[in-house]
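Here is what each chain is made of, one letter per residue.
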Amino acid sequence: MGPARQDRPWRSFFELVPPFIPTTGTLCGQLDMVLTRTGSPDLVVEIDSAHQSRSMEKLQFAHAAGATATWIRWNYGTARKIPGIHVIDLISQTKRITRT
């Protein structure tokens with residue numbers, strides 16, 4: 001079989017439940033979104049309105065398994081830098097949005 005084709009589409013999974021966190025041996029909840037494509041690392045995305053330690057644990061687990069881990073935060077709190085995890089911090093942008 002030849003090398004993986006890069007023109008294959010991404011597959012998306014929402015609310016995917018990983019088996020457990022190896023360091024604690026406990027379930028860690030659901031991953032908000034996982035995108036996969038043959039021949040590419042998985043893209044794991046967590047979307048949170050605030051700092052959630054469980055989200056950090058899930059993303060660290062995904063990163064250790066070889067995925068590209070991304071955390072999108074959009075309401076309040078401070079996102080500290082976590083090695084291997086990309087943070088998209090929308091807090092300053094969402095503070096300007098008013099609810100009607």
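Residues numbered from 1 in each chain as written. Predicted model: local features only at pLDDT ≥ 70, side-chain atom pairs only at ≥ 80, totals over all residues. Heavy atoms only, no water.

**As for the pairing of strand β4 (residues 68-73)**
When a strand is regular, its side chains alternate between the sheet's two faces.
Then comes step 1: With six bridges joining them, strand β3 (residues 43-48) and β4 adopt parallel strand pairing. Looking across to β4, one finds that Leu 43 is bridged to Thr 68.
Then comes step 2: Between β3 and its parallel partner β4, the chain crosses via helix α1 (residues 53-64), and the hand of that crossover is right-handed.
Then comes step 3: Note that β4 and strand β5 (residues 85-89) share five bridges and pair parallel. If you follow Ala 69 over to β5, its bridge partner there is Ile 85. (Pairing = 2+ DSSP bridges. Helix = DSSP H or I, 4+ residues; strand = E, 2+ residues; numbered from the N terminus. Right-handed = clockwise from strand over helix to strand, strands pointing away.)

**What to know about the sheet that holds β4**
Strand pairing in a sheet relies on backbone hydrogen bonds. The paired strands run either parallel or antiparallel.
Then comes step 1: The five strands are arranged β1-β2-β3-β4-β5 in an open sheet whose pairing can be described as mixed. On the outer flanks of this sheet lie β1 (11-16) and β5, each paired with one strand and no other. The sheet shows a mean angle of 20° between the axes of neighbouring strands, direction not considered.
Then comes step 2: The sheet contact formed by strand β2 (residues 31-36) and β3 spans three bridges and is antiparallel. (Axes fitted to C-alpha atoms, helices over the stretch in contact; angles between N-to-C directions.)

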